[in-house]
Every structure is written in C-alpha cells, then in structure tokens.
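Topology and contacts: notes
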Amino acid sequence: MIVPATDTNTRTVAKRILLDKAGVKTTDDFQALLWVNPETQEIEWCVGYDGFIGTCCQMHVVNLGGKSAPKKFLWACFDYPFNQCGLQAVTGLVNSANEKAMRFDKHLGFKEVFRLEKLHDGGGDLVVMKMDKDECKWLKLGARYETQLLAA
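Residues numbered from 1 in each chain as written. Predicted model: local features only at pLDDT ≥ 70, side-chain atom pairs only at ≥ 80, totals over all residues. Heavy atoms only, no water.

1. Re the overall build of the chain
On a plain count of helices and strands, the chain comes out with 4 helices and 7 strands. Mapped from its N terminus to its C terminus, the chain presents α and β elements in the order β-α-β-β-β-α-β-α-β-β-α. Rg of the C-alpha trace for the chain: 15 Å, near the compact-globule value of 15 Å for 152 residues, within the 12% margin. Taken over 152 residues, the chain has a buried fraction of 41%. Across the chain, every contact between residues at least 6 apart in sequence was considered, and the portion connecting residues at least 24 apart equals 58%. Per element, the accessible surface of the chain, about 8,500 Å² overall, is 50% carbon and sulfur. In the chain, 19 positive and 19 negative side-chain charges are present, and the distance between their average locations comes to 4 Å. (Helix = DSSP H or I, 4+ residues; strand = E, 2+ residues; numbered from the N terminus. Rg over C-alpha atoms; globule rule 2.2 N^0.38 Å. Buried < 20%, exposed > 50% of the residue type's maximum accessible area, 1.4 Å probe, protein only. Contact = heavy atoms within 4.5 Å. Areas by Shrake-Rupley, 256 points an atom, 1.4 Å probe, with all protein chains shown as cover. Lys, Arg positive; Asp, Glu negative; His and termini not counted. Charge placed at Lys NZ, Arg CZ, Asp CG, Glu CD.)

Structure follows, in structure tokens:
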C-alpha cells in the first residue's frame, strides 16, 4: 500500500531510510512516498523528492525488501512529480559503480544526461540521470489508478 509522508513521523522515517541506504541528505522541500507491504506492514520501497527548481526536482529511490516494485507504486512515484506538482522532468544522481542502481534507473526510463568522472563515492562517476514527463511510461498506468490521487 502507498503511504504518503504527510506527517512529521513518516517524513522522518523516509529521510532516515534515504540517508542510511543511499546517502541522501534531503533539503527543506523534501516530500516522500513509501510502499508498505499490506501483509507484513514493513516498508519495502521509499521514494523521496527534493531540490524542486523550476520545472524539475530530484528523485531518490530505495528498495528495502529486494522485491520488484509494484506497478501501482511506480505509477504513484511519477504521478506525484509530473501530474500533481506539474513538473516536466525528474533528475537523479547515481554512482556509476552502483551497477544495480544504474540498471534500475534505466529500466524505469531515466536517461543519462552526463557524468562527472570519479566524483562519487569509491571513485565512481557521478552520473546525472533525467526523465521527461512525455517519455514516462509509468504515467500510462494512470487509467487504473488515477481515482486514488496521492499527495506527499
């Protein structure tokens, strides 16, 4: 089930997950969505948004359970910035040495914009990824879920 981080406690949990698992130091405009397994009540996915500038923001994703992301959650992850916030693009910063994250981001539809060599942890390149709203395949799932609008 999707849980928007609308209260202080949930937002604090999301910030802690992103810091501990991805090294993300969030900014004051931070928003988040969590995917909680309805059977176990454990958080399996966390997506955070911050750095809202112009018509884009930065997006951070953490998989805690090792399971595939539910399509409903992926739809919500992109519906929030593109439809609810009216943004035109989301960006992400990825360590090139984190091959799993690079594959996942490309699977989602992010494209590499550029990289700064050896500027990430462990000598990895700092890779700037971007997804434009008009290229987001996950929004097409909206016909199934759009009656359940969410706000982070």
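Back to the text.
2. Re the sheet that holds strand β2 (residues 31-36)
Consider a sheet: its strands pair through backbone hydrogen bonds, and that pairing is either parallel or antiparallel. Strand order in this open sheet of 7 strands is β1-β2-β3-β4-β5-β7-β6, and the pairing throughout is mixed. Of all strands in the sheet, those with a lone pairing partner are β1 (2-4) and β6 (111-116), marking the two edges. Within the sheet, the average angular offset between the axes of one strand and its neighbour, ignoring direction, is 25°. With respect to the sheet, helix α3 (residues 99-108) is in contact with β3 (43-53), β4 (56-63), β5 (89-95), β6 and β7 (126-132), its orientation differing from that of β7 by roughly 15°. (Pairing = 2+ DSSP bridges. Axes fitted to C-alpha atoms, helices over the stretch in contact; angles between N-to-C directions.)

3. Observations concerning the side chain of D105
Residue position: D105 is located in helix α3. Lacking a salt bridge, the buried D105 has K106 as its closest oppositely charged neighbour, with an N-O distance of 9.4 Å. Setting aside residues up to four positions removed in sequence, D105 forms contacts with V94, F110 and M129. (Salt bridge = Lys/Arg side-chain N within 4 Å of Asp/Glu carboxyl O.)

4. Some points on α3
Where α3 is concerned, the buried positions are M102, D105 and L108. Viewed along the axis of α3, the buried residues span an arc of 125°, placing them on a single side of the element. The outward face of α3, more than 90 degrees from its buried face, is lined by the exposed residues E99, K100 and R103. (Arc of directions from axis to C-beta.)

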